[in-house]
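Coordinate inspection notes
As a plain string of letters, each chain reads:
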Amino acid sequence: MSDKKAQTRERILKAASAALIQRGPAEPSVGEVMGAAGLTVGGFYAHFESKDALMLEAFKQLLSQRRGLIADMDAELSGEERRTLAAAFYLSRKHRDTTDLACPIPASVGELGRLPDEFREVLNEHIELMVAQLAASPEDADKALADIALMVGGLALARALGPGELSDRLLRAAKSAVR
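Residues numbered from 1 in each chain as written. Predicted model: local features only at pLDDT ≥ 70, side-chain atom pairs only at ≥ 80, totals over all residues. Heavy atoms only, no water.

Quick word on the UniProt feature "DNA-binding region" (unreviewed entry) in the protein
Applicable threshold: UniProt positions are given in the numbering used here, feature names are shortened, and annotations may be inferred rather than shown by experiment. The secondary structure listing takes helices from DSSP runs of H or I that are at least 4 residues long and strands from runs of E that are at least 2 residues long, numbered from the N terminus.
The feature "DNA-binding region" (unreviewed entry), as given by UniProt, occupies residues 29–48 in the numbering adopted here. This span, residues 29–48, is 35% helix and 0% strand, and a straight line between its end C-alpha atoms measures 14 Å.

Section: the side chain of Ser-108
Keep this limit in mind: By definition in these notes, contact holds between two residues if any of their heavy atoms fall within 4.5 Å.
Of note, Ser-108 is situated in helix H6 (residues 105–108). Setting aside chain neighbours within four positions, we find Ser-108 in contact with Leu-20, Gly-24, Pro-25 and Phe-59.

With respect to the environment of Pro-106
Note on placement: Pro-106 falls in helix H6. When the C-alpha positions of Pro-106 and Ser-137 are compared, they lie 27 Å apart, and in sequence the two are 31 residues distant. Non-local contacts of Pro-106, meaning those with residues more than four positions away in its chain, are made with Tyr-90, Val-152, Leu-155, Ala-156 and Arg-159.

Here you go:
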């Protein structure tokens, strides 16, 4: 693949990622994504075979970036310390309100049942890898899984409420429950 084609593909993926974070993988149209990338729809199929293929790749990239943030944590931290640190960022106002490098799961989870099975497979793998990153031992895995569910659910509700006192309280309550 030429450098120019690779750069164009990355522009499309970046635009798709932003749309996915905001509204999930099903709603954004190819025209919307291509327009956000500064391109016309006509060039789309030179890069992706379908909208689902584009959104699946964007979903994979975003989840991989999330795991990269966890991987950058100090390996000497206990599982509880890693989860507490992850929750401090994940359940923050900044993360609730941002569109840059935000978690795509809250906007996507309700749509996964209507999308190709590959989306659920990618999410399943991501959750398993996150549990491995956030659990200090196999015995700690269920606690890590419960904390991931609490963080995703808490962020989804906080985003649905939008900025405000109840949303802020929800973030604080969920953050305090992660251990």
